[in-house]
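# What the coordinates show
The lines below spell out each chain.
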Amino acid sequence: MKSKTLGQFIIEKQSDFPYAKGELSRLLRDIGIAAKIVNREVNKAGLVEILGETGETNIQGEKVKKLDVFANDQFIAALKAGGEVCAIASEENDEIIPVESEISKNAKYVVAMDPLDGSSNIDVNVSVGTIFSIYRRTSLSGPGTNEDFMQRGTEQVAAGYIIYGSSCMLVYTTGKGVNGFTLDPSIGEFCLSHPNMQTPKMGNVYSINEGNYLHFPEGVKKYIKYCQEEDLVTNRPFSSRYIGSGVADIHRNLIVGGIYIYPTTTKSPKGKLRLLYECNPLAFIIEQAGGKATTGSKRILELDIKELHQRTPLFVGSAEMVDMAMEFMAKNTAEKV
Ligand code: AHM
Ligand code: MG
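This text gives an overview of the structure that appears in the document. (Residues numbered from 1 in each chain as written. Chains lettered and ligands numbered in written order. Predicted model: local features only at pLDDT ≥ 70, side-chain atom pairs only at ≥ 80, totals over all residues. Heavy atoms only, no water.)

## Digging into empty space enclosed by the protein
- Under the defined criterion, the tally for this structure stands at 1 cavity of 30 Å³ or more.
- In this structure, the largest cavity spans a volume of roughly 30 Å³.
- Looking at the largest cavity, the residues that line it are Thr199, Ile250, Asn253, Leu254, Tyr260, Ile286, Val316 and Gly317.
- Elements with a minimum of two residues in the lining of the largest cavity: α5 (246-256) and β15 (314-317).
- A per-class count over the lining of the largest cavity returns 5 nonpolar, 3 polar and no charged. (1 Å grid on protein atoms, 1.4 Å probe; cavity = no way out; pocket = protein on both sides within 12 Å on 5 of 7 lines; lining within 4 Å. Points joined across faces, edges and corners; volume = space filled by probe spheres on them. Helix = DSSP H or I, 4+ residues; strand = E, 2+ residues; numbered from the N terminus. Nonpolar A, V, L, I, M, F, W, Y, C, P; charged D, E, K, R; others polar.)

## As for the environment of proline 269
- With respect to the helices, strands and loops of the structure, proline 269 is situated in the loop between β13 (259-262) and α6 (275-288).
- When the C-alpha atoms of proline 269 and glutamate 189 are compared, they prove to be 42 Å apart, with 80 residues separating the residues in sequence.

## Here we look at the state of the cysteines
- Under the criterion given, the structure shown has 0 disulfides.
- Between cysteine 191, a cysteine without a disulfide, and cysteine 168, which holds the nearest cysteine sulfur, the sulfur-to-sulfur distance is 12 Å.
- Its relative accessible area of 8% is what places cysteine 191 among the buried residues. (Disulfide = S-S within 2.5 Å. Buried < 20%, exposed > 50% of the residue type's maximum accessible area, 1.4 Å probe, protein only.)

## Observations concerning helix α1 (residues 6-13)
- Along α1, the residues classified as buried are Leu6, Phe9 and Ile10. For α1, the angular spread of buried residues about the axis comes to 100 degrees, placing them on one side.
- Buried positions along α1 lie against α2 (23-43), β8 (168-173), β9 (178-184) and β10 (189-194). (Arc of directions from axis to C-beta. Contact = heavy atoms within 4.5 Å.)

## Quick notes on the coordination of the magnesium ion (ligand 2)
- Donor atoms from the polypeptide that bind the magnesium ion (ligand 2) are Asp114 (OD), Asp117 (OD) and Glu278 (OE), placed at 1.8 to 2.1 Å.
- Ordering the donors of the magnesium ion (ligand 2) by residue number gives the pattern D-x2-D-x160-E. Placement of aspartate 117 in strand β5 (residues 109-117) and of glutamate 278 in helix α6 is noted, with a sequence separation of 161 residues between them. For the pair shown, aspartate 117 and glutamate 278 are each scored as buried. (Donors = N, O, S within 2.8 Å, 3.2 Å for Na, K, Ca; no water.)

## Some points on the nonpolar core
- Phe149, Tyr161, Leu276, Ile300 and Leu314 are the most contacted members of the largest nonpolar core, which totals 43 residues.
- Looking at this core element by element, the count peaks at 9 residues for α6.
- Look past the residues within four positions of leucine 314 in its chain and what remains in contact with it is Ile250, Tyr260, Ile261, Tyr262, Leu273, Cys279, Ala293, Thr294 and Ile300.
- Ranked by size, the runner-up nonpolar core spans 42 residues in total, among them Val42, Phe70, Val99 and Phe132. (Core = buried A, V, L, I, M, F, W, Y, C linked by side-chain atoms within 4.5 Å.)

## Comments concerning the sheet that holds strand β4 (residues 97-98)
- The 8 strands are arranged β4-β3-β5-β6-β7-β8-β9-β10 in an open sheet whose pairing can be described as mixed. Looking at the sheet topology across the chains shown, the edges are occupied by β4 and β10.
- Pairing between strand β3 (residues 85-90) and β5: 5 bridges, direction parallel. Bridge pairing in β5 links valine 85 to tyrosine 109.
- Each of β5, β6 (128-136), β7 (158-164), β8 and β10 is contacted by α5, which is oriented at about 105 degrees to β7, the strand it contacts most.
- In the packing of α6 onto the sheet, contacts are made with β3, β5, β6, β7, β8 and β9, and the angle to β6 comes to roughly 85 degrees. (Pairing = 2+ DSSP bridges. Axes fitted to C-alpha atoms, helices over the stretch in contact; angles between N-to-C directions.)

## Re the site of ligand 1
- Near ligand 1, the surroundings consist of 17 residues, among which Asp117, Tyr242, Gly246, Tyr260 and Tyr262 are the closest.
- At 3.0 Å, a side-chain N or O of glutamate 91 approaches an oxygen atom of ligand 1.
- At 3.0 Å from an oxygen atom of ligand 1 is found a side-chain nitrogen or oxygen belonging to glutamate 278.
- Here ligand 1 loses 87% of its free accessible area of 470 Å² to cover by the protein chains.
- Here ligand 1 occupies the largest pocket.
- Those elements that provide at least two residues to the shell around ligand 1 are β5 and β13.
- Per-class residue counts for the shell around ligand 1 are 4 nonpolar, 6 polar and 7 charged. (Near = heavy atom within 4 Å. Polar contact = N/O pair within 3.5 Å; in protein donor to acceptor, adjacent residues only side chain to side chain. Areas by Shrake-Rupley, 256 points an atom, 1.4 Å probe, with all protein chains shown as cover. Sits in = over half its atoms within 2 Å of the grid points.)

## Concerning the pairing of β3
- With 6 of 6 residues buried, β3 is to be regarded as a mostly interior element.
- Note: β3 against β4, 2 bridges, orientation antiparallel. Of the residues in β4, the one forming a bridge with alanine 87 is proline 98.
- The antiparallel hairpin formed by β3 and β4 contains 6 residues in its connecting segment.

See the structure below:
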């Protein structure tokens, strides 16, 4: 039987939102369109002049890659053309992008995104991703403002990611479970391949950049040692798997069970990952799939946000593994975040 396309699925689910007039559905459709264009370019990246750096550095102090810029431009263009957003925040832009146009004058939503996550993997043919988060605007009219983005993760209306991997997948939630769609290149449509995704309560994979070990908090160091110990009952040692593309690492762990940690380090005392467009959307998805996402002591979705590019440590994945890692953190109270 042919599986449902993303478009068909979205229309069917619209009845979950009795007051919805189709705007959110159209917004998700716009994201799907940009994702297909980015996927096309990622697939032929070695053949066209799109690998490498632009020569610029972004607000995060990171070197900007050509594909970062391409993906950013595609998502912004699709969102603007769709007319459902009044502002966009992106990892690639220091400030928000207010949207002012005739078609967006009644737009209810704002979108925060990391257009191409896992930048260090772009040039080496390893999976990268896009992360997005959708909020209802809090301002009343006109182009959106910075304030529209200063909402807790619990206020997200929808969130998702696209993984440009051995196949291209779009995974999203609107707060009623998580569904995954695989791009069928023969028809150019995302088709429902992973309905109602649930992450195992317990897994045996841990994902962390162990090169930073010496700079980790004591609780994380002890948890890593715990993962490496031999114990038949708990099936340890666990396997270490770290791609360096957060979307790919978290997607794998979502399916097979595991924990992904990006803690504070002495180099990045607030953590590396950004709350608005990386941690909140990923946390929303993982919680909806039955997992947990915390800073090591607090729930990610309940954090207050004060800055667009605010960073936070992240412990995310199978609920029992996150609980255990948090216990190790709590025993080292000085390091609570
Ligand atoms: P990016 O948005 O600049 O790509 O940074 C986020 C990425 C995550 O995808 C990944 O898990 C992590 O940074 C890797 O960082 P590191 O190279 O420090 O391990
Ligand atoms: Mg990123």
